[in-house]
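# Observations on chain architecture
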Amino acid sequence: MTEQSGTGCPVHGRGGGCPVSPRAASFDPFAESFLADPAAALEWSRNEEPVFFSPELGYWVVTRYEDVKAVFRDNVTFSPSIALERVVPPSEEAMATLKRYDYAMNRTLVNEDEPAHMERRRALMAHFLPENLAAKEDMIRRLTREKVDAFVDSGRVDLVEAMLWEIPLTVALHFLGVPKEDMDALKEFSVAHTVNTWGRPSPEQQLKVADAVGRFWQYAGRVLDKMRAEPDGEGWMHFAIRKNAEMPEVVTDSYLHSMMMAIIVAGHETTSLASANAVKLLLSNPLVWERICKDPALIPNAVEECLRLEGSQMAWRRKATRDTEIAGVVIPKDAKLLIVSASANHDPRHFENGDLFDIYRDSAVEHLTFGYGSHQCMGKNFARLEMRIFIEELSRRLPHMRLVEGQTFTYLPNLAFRGPQRLLVEWDPAQNPERSDPALAGRTVSFPVGAPSSKEIARSMRVAEIGDAARGVKLIRLEDPDGLPLPAWTPGAHIDLLVGDFSRKYSLCGSPSDPGYTIAVLREQDGRGGSRFIHETLKPGTMVRIRGPKNYFRLEEQAPRHILIAGGIGITPILAMADRLKALGRDYVLHYCGRARETMAFLDRVARDHGAHTVLHVSSEGGRADLETIVKGWSPDTRIHACGPERLLDQLGLLCGDLPEGSYKCEAFTTGLDGMVHADDTAFEVDLADSELTLTVPAGRTLLETVRAAGIDVPSDCEEGLCGSCEVGVLDGAIDHRDKVLSAAERAEGKRMMACCSRAAGKKLRLAL
Ligand code: FMN
């Protein structure tokens, strides 16, 4: 905290004053402007003060991705016990009202500490397994069709009122085994519960809300009694009731009553709001909506991207159980934390172009809208299933639907949940496609339950131009066929090109301000066939699919001095880096090594744009590079970036081994590994600390495959040990590193490993997963 406002932090103030900055002092998560766009409202915090104390709320607010995730991950230091605490303590009258109804909301899955939480979670989880959820698809689809049938010819509707509120509620009640009762009363109860727990009601509102919450509590009790009388009933609450009889000390009576009330809200409100946010976001981006209407295979990842950019769970709460630190800020024991996923999900430190709505983003699934770790939302796959069906049905039957112009979106003021209260859409019923093709209304596109696999996410692009960059090197420019804006990229980034049945990575080497992406592909005559296929089949107009861009080779552009080293086709990312350093006016030298001039791509461009900064090392002309001398040019303010063949990088790795951490970075185009598992590999055990699981990684299987099979989401990309995206933290145990990502120092430290290829050097590893 840097600026003075006079409002002292109650904690640090004791020891001489930790001033609260003016922006922290004026933070108001109930304000209309905040609710309209929480991520934008907290951009200042992500940039300048990622953990701040809000005197108004009495909470420490955490806004960056890694910090929010770290708090979710450590549910011992950061207890969930206050997750359902009222933000505003109730007035005496409100308390009296609640007491009249014997209101006694207590522990539920969301606000429970260990070890009770995991024990109950394990006991109650079976119903959420994918096979049990898949069976609900028909019901969700039937309900959706009934609702759409009712308004499809009307031309205008409020989607929240017409379907997005009620279907998730009906589905939740069905899943729980709770009889479908007065839906209007349940709506009133849900809103009251949200305002009571996460809102800032005025004294008058408090009384009304307390009365509704009291009635909700009584209702939950009555339903529970009725359900207890049907011992063989179906649904999750019946299952919990039977568990209560089987293990009363784990699934207790008071737990059942609290859970009954909380789950009715948790099970549907979040899905309703998330669906409304998603449809609003899609319709606000007509080109994206049009794409989805044409290609429903894009829906699962579009749903993830909607959950990332505008999730329904905005923020959640934790309480520190000991003195600790987040991002260097001292957090005292008993401090309350507001961890804002809506901000974390936009954090550009984790999501490249974090504010961009990109349905092709293959890291969208890493959003924190479902939380993370052992308290992650159990119903996440249920929410995904419903949202996908809503969007699939609407996009098929009403592709010409649009948002009613000029409407203002309002949000229920509260700390936790966010979604528009109304969503007015309109269309011309005469244009309904099912009028000319009646079978269309009953057609179905189904998606597998669970998170979309990044392997299924790809953007269609058209080859705009193709030419020669050198002998055996094709220069290819790709563009979006509909002119949809492409994600921005930074030097060092690459795309995955999917042609035929293979995927290959190519570094971007045009200018970041070009409307398309440019790559240069070397034909590798004795390769695996991918580059040959590209050379032989791509023509102007050919459609290809790509993933990315992603950058695992970032330029440390802040450094004043740079040595760039390119070997052969490794010039592609290095050239983009040289362009950037030139634009920034940095001191740089580009060493470009190759066998013969005619095979070296971009020689003209290099001479034109970087002539005075370039040293060419052409071996056919006796100009082989002396790497030792080049590396000797290093000084503490210099960064070295290199890309090229394995032999060059191996040599540089050795020469740079003693330089301080971060001085040298390289990217390899191949690992030299022959497959990810070897014949002489042996089995080993892994303890997953965050998930409380122990698994055996057998010989013949990778760590990545093993943890995924146990339902743990670990992102991955190349699965060749090159990209670093499957990195996992190692808490204990010796590692057999096989990747090309970590430096010698990072390997020696032994704190991380690449799950796709590296293994245990001994019998066991303990991982931060
Ligand atoms: N190969 C190129 O020809 N040009 C590139 O710009 C390029 N960039 C790459 C970037 C990364 C991050 C990686 C891992 C590899 C890159 N490659 C590049 C290598 C190709 O992905 C691929 O391995 C090569 O074209 C050989 O494929 P083939 O064996 O199927 O013919």
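Keep in mind it's a predicted model, so treat the numbers as computed, not measured.

For the rest of this paragraph, the subject is the overall build of the chain. A tally of regular secondary structure across the chain gives 27 helices and 28 strands. Whereas a compact globule of 769 residues would reach a radius of gyration of roughly 27 Å, the chain reaches 28 Å, a difference of no more than 12%. Taken along its principal axes, the extent of the C-alpha atoms in the chain is 95 × 75 × 55 Å. Of the roughly 32300 Å² of accessible surface on the chain, a fraction of 50% belongs to carbon and sulfur atoms. The distance from the centre of the 91 positive side-chain charges to the centre of the 110 negative ones in the chain is 1 Å.

The next point concerns the site of the ligand. Near the ligand you find 20 residues, and of these Arg504, Lys505, Tyr506, Arg528 and Ser531 are the closest. At 2.7 Å from an oxygen atom of the ligand is found a main-chain nitrogen or oxygen belonging to Lys505. Gly530 has a polar backbone atom sitting 2.7 Å from an oxygen atom of the ligand. Elements with a contribution of two residues or more to the shell around the ligand: β14 (502-507), β15 (517-522), α21 (530-537) and β21 (664-668). Tallying contributions element by element places β14 first for the shell around the ligand, with 4 residues. Split by residue class, the shell around the ligand holds 8 nonpolar, 7 polar and 5 charged. When residues of the shell around the ligand are assigned to domains, at least three fall in each of domain 2 (458-550) and domain 3 (561-668).

Before going further, it helps to examine the side chain of Asn196. Take Asn196: it is sitting in helix α12 (residues 183-198). Contact partners of Asn196, with chain neighbours within four places excluded, come to Arg86, Tyr103, Val209 and Val213.

With that settled, the discussion passes to the packing of aromatic side chains. The tally for this structure, following the rule as stated, stands at 14 aromatic pairs. Judged by centre distance (5.1 Å) and plane angle (20 degrees), the ring pair of Phe189 and Phe216 falls under stacked. A residue pair is termed long-range when its members are at least 10 positions apart, and Phe189 in helix α12 and Phe216 in helix α13 (residues 203-228) qualify at 27 residues. The pair formed by Phe189 and Phe216 is uniform in burial state, with each residue classed as buried. In textbook terms, an aromatic cluster arises when at least three aromatic residues are bridged by ring pairs, as seen for Phe27, Phe34, Trp44 and Phe52. Here the guanidinium or amino end of Lys69 rests over the ring plane of Tyr372, the centre of that ring lying 4.6 Å away. One cation-aromatic arrangement involves Lys280 over Phe409; the distance from NZ or CZ to the ring centre is 4.7 Å.

Turning our attention to the pairing of strand β11 (residues 459-470). With 4 bridges connecting them, β11 and strand β16 (residues 543-550) associate as antiparallel partners. When the bridges of β16 are listed, Arg459 appears paired with Ile546. The turn linking β11 back onto strand β12 (residues 473-479) is made up of 2 residues, and Gly472 within it adopts a positive phi angle of 80 degrees.

What follows concerns the packing of helix α9 (residues 137-151) against helix α19 (residues 380-397). Where α9 meets α19, the closest approach of the two axes is 10 Å, and the angle between their N-to-C directions is 35 degrees. Crossing angle aside, the handedness with which α9 passes α19 is right-handed. Residue-level inspection shows Glu137, Ile140, Arg141, Thr144, Arg145, Val148, Asp149 and Phe151 of α9 in contact with α19, the latter providing Phe382, Leu385, Glu386, Ile389, Phe390, Glu392, Glu393, Leu394, Arg396 and Arg397. Residues that form the contact of α9 with α19 fall into these classes: 8 nonpolar, 1 polar and 9 charged.

Neither face of strand β1 (residues 51-54) is left uncovered, since the one carrying Val51 and Phe53 and the one carrying Phe52 and Ser54 both have all their residues buried. For β1 and strand β2 (residues 59-62), the ladder comprises 4 bridges, and the chain directions are antiparallel. In the strand pairing of β2, Phe53 is matched with Trp60. The turn linking β1 back onto β2 is made up of 4 residues, and Gly58 within it adopts a positive phi angle of 80 degrees.

For α19, spanning 18 residues, the distance from its first C-alpha to its last is 26 Å, which sits close to the expected 26 Å at 1.5 Å a residue. Among the 18 residues of α19, 18 are classified as buried, and the element is accordingly described as predominantly covered.

Glancing now at unusual backbone geometry. Cis rather than trans, the peptide bond between Glu114 and Pro115 has omega equal to 0 degrees. Structurally, the position occupied by Pro115 is in the loop between α6 (92-100) and α7 (116-124). In this chain, Gly548 is followed by Pro549 through a cis amide linkage whose omega measures 5 degrees. Positionally, Pro549 belongs in strand β16. Residue Asp102 is not a glycine yet carries a positive backbone phi of 55 degrees. Along the chain, Asp102 turns up in the loop between α6 and α7. According to the relative accessible area criterion, Asp102 is exposed, its value standing at 58%. For Asp334, which is not glycine, the phi dihedral falls at a positive 75 degrees. Positionally, Asp334 belongs in the loop between β7 (329-331) and β8 (336-339).

Split by domain assignment, the chain resolves into domain 1 (92-310 + 350-404), domain 2 (458-550), domain 3 (561-668) and domain 4 (684-767). Each of domain 1 and domain 4 was reduced to a C-alpha centroid, and the two centroids are 34 Å apart. With 7 residues of domain 1 in contact, the opposing surface of domain 4 contributes 5 residues. A combined buried area of about 470 Å² lies between domain 1 and domain 4, and 37% of that area is made up of carbon and sulfur atoms. A per-residue breakdown of the area domain 1 buries against domain 4 is headed by Met118, Arg122 and Glu366, which together make up 46% of the total. Counting across the domain 1 and domain 4 interface gives 0 salt bridges. In terms of residue class, the side of domain 1 that touches domain 4 is built from 2 nonpolar, 1 polar and 4 charged.

Let us now look at the pattern of salt bridges. With the rule as written, the count across this model stands at 58 salt bridges. Across the pair Arg554 and Glu352 runs a salt bridge, and its minimum N-O distance is 2.6 Å. A residue pair is termed long-range when its members are at least 10 positions apart, and Arg554 in the loop between β16 and β17 (561-567) and Glu352 in the loop between α18 (341-344) and α19 qualify at 202 residues. Its relative accessible area of 36% is what places Arg554 among the partly exposed residues. Among the ionic pairs, Asp468 bridges to Lys474, the shortest N-O distance being 3.0 Å. Classification of Asp468 as exposed rests on a relative accessible area of 61%.

The rules we used
Each chain carries its own residue numbering, running from 1 in the written order of its sequence. Only residues with pLDDT of 70 or above have their local features reported here, since the model is predicted, and side-chain atom pairs are shown and tallied only from 80 upward, although totals for entire chains, interfaces and linings are computed over all residues. To obtain the side-chain values, all non-hydrogen atoms of the structure were included, while hydrogens and water were left out. A run of H or I in DSSP counts as a helix once it spans at least four residues, and a run of E counts as a strand once it spans at least two, with each numbered from the N terminus. Atoms considered for the radius of gyration are the C-alpha atoms alone. The globule rule reads 2.2 Å times the number of residues to the power 0.38. Surface exposure here means Shrake-Rupley accessible area, sampled with a 1.4 Å probe, where a residue is shielded only by the protein chains that are shown. In this count, Lys and Arg are taken as positive residues and Asp and Glu as negative ones, while His and the chain termini are left out. Note that the charge is assigned to NZ on lysines, CZ on arginines, CG on aspartates and CD on glutamates. Any residue with at least one heavy atom within 4 Å of a molecule or strand is counted as near it. For this analysis, a polar contact is any N or O atom pair within 3.5 Å, provided that within protein one partner can donate a hydrogen and the other can accept it, and provided that sequence-adjacent residues contribute only side-chain to side-chain pairs. Here the nonpolar group is Ala, Val, Leu, Ile, Met, Phe, Trp, Tyr, Cys and Pro; Asp, Glu, Lys and Arg are the charged ones; every other residue, Gly included, is treated as polar. Reported domain spans reflect what an automatic or database domain assignment gives. Whether two residues are in contact is decided by their heavy atoms, any of which lying within 4.5 Å being enough. Put simply, two rings from Phe, Tyr or Trp (the six-membered ring, in Trp's case) pair if the centres are within 6.5 Å, and we call them stacked under 30 degrees between planes, edge-to-face over 60, tilted for the rest. Type-normalised accessible area, obtained with a 1.4 Å probe on protein chains alone, sets the label of each residue: buried when under 20%, exposed when over 50%, and partly exposed for intermediate values. A ring is scored as having a charge over it whenever the NZ atom of a lysine or the CZ atom of an arginine sits within 6 Å of its centre and within 35 degrees of its normal. Criterion used throughout: strands pair if DSSP finds at least two bridges between them. Fitted lines through C-alpha atoms serve as axes, helices being fitted only where they are in contact, and the angles separating the N-to-C directions of these axes extend from 0 to 180 degrees. In this scheme the handedness of a crossing depends on how the near helix is turned from the far one: anticlockwise by less than a right angle means left-handed, clockwise means right-handed. A helix is expected to reach a length of 1.5 Å times the quantity of its residues less one. In this description, buried area is defined as the sum, over both parts, of the accessible area (probe of 1.4 Å) that is lost when the two are combined. One side-chain nitrogen of Lys or Arg within 4 Å of one carboxyl oxygen of Asp or Glu is enough to make a salt bridge.

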